[in-house]
Amino acid sequence: MYKQFAITIAVSVVLSGIVALTLTPALCAVLLRPVPEGAPASTGGVASAFNRIFDRFNRGFRAVTERYLGAAARVIDRPRTFFAAFAVAVALLFVLVRSVRPASFPARTKGTSAC
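Residues numbered from 1 in each chain as written. Predicted model: local features only at pLDDT ≥ 70, side-chain atom pairs only at ≥ 80, totals over all residues. Heavy atoms only, no water.

(A) Spotlight on the overall build of the protein chain. Each helix and strand counted, the protein chain has 3 helices and 0 strands in total. Split into buried and exposed, the 115 residues of the protein chain put 0% on the buried side. When the accessible surface of the protein chain is split by element, carbon and sulfur atoms take 71% of a total near 10900 Å². (Helix = DSSP H or I, 4+ residues; strand = E, 2+ residues; numbered from the N terminus. Buried < 20%, exposed > 50% of the residue type's maximum accessible area, 1.4 Å probe, protein only. Areas by Shrake-Rupley, 256 points an atom, 1.4 Å probe, with all protein chains shown as cover.)

Below, the structure is given as structure tokens:
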């Protein structure tokens, strides 16, 4: 069963990679095509609704990007604080891994294989 699952995951990763490297850039090129200068703005009801939705999304995305950049700048400005927090997180992870009972994992007996 583990081998079948591993094969399924491997095939899905390969297919995902093919889609990401071939189809996604082509679709982005079609969707993000720049509007030529002097082109009439679409004023239809559906186009206007989409423009409002996209404008709202762009404003929200810009706000999230600016907050992320601000947080990244604060981390860069205080490397000791960041590394101390990282060390605390790693220590907590170590404590949590050590506190999980071995009975929580499937037992493997000698002479049996997992597959």
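(B) Up close: the packing of aromatic side chains. Scanning the entire structure with this criterion turns up 4 aromatic pairs. On the basis of an interplanar angle of 15 degrees and a centroid distance of 6.0 Å, the ring pair of Phe50 and Phe54 is categorised as stacked. Residue Phe50 and its partner Phe54 are located together in helix α2 (residues 45–77), separated by 4 residues, close to a single helical turn. On the accessibility criterion, Phe54 (48% relative accessible area) is partly exposed. Ring plane angle 20 degrees and centroid distance 5.9 Å describe the contact between Phe57 and Phe61, whose orientation is recorded as stacked. (Phe/Tyr/Trp six-rings, centres within 6.5 Å; stacked < 30°, edge-to-face > 60°.)

(C) Inspection of a positive patch on the surface at higher detail. A grouping of Arg52, Arg56, Arg59 and Arg62 is seen on the molecular surface, where their side chains present a positively charged patch. By secondary structure assignment, the location of Arg59 is in helix α2. (Patch = residues over 30% accessible without salt bridge, like charges linked within 9 Å, V, L, I, M, F, W, Y side chains within 5 Å. Salt bridge = Lys/Arg side-chain N within 4 Å of Asp/Glu carboxyl O. Lys, Arg positive; Asp, Glu negative; His and termini not counted. Charge placed at Lys NZ, Arg CZ, Asp CG, Glu CD.)

(D) Local environment of helix α1 (residues 2–31). Between its terminal C-alpha atoms α1 stretches 40 Å, which fits the 44 Å expected from 30 residues at 1.5 Å a residue. Along α1, the helix axis deviates most sharply at Ala20, where the bend reaches about 35 degrees. (Expected span 1.5 Å × (residues − 1). Bend = angle between axes of the 7 residues up to and from the residue.)

The values reported here are purely geometric and, on their own, carry no functional implication.
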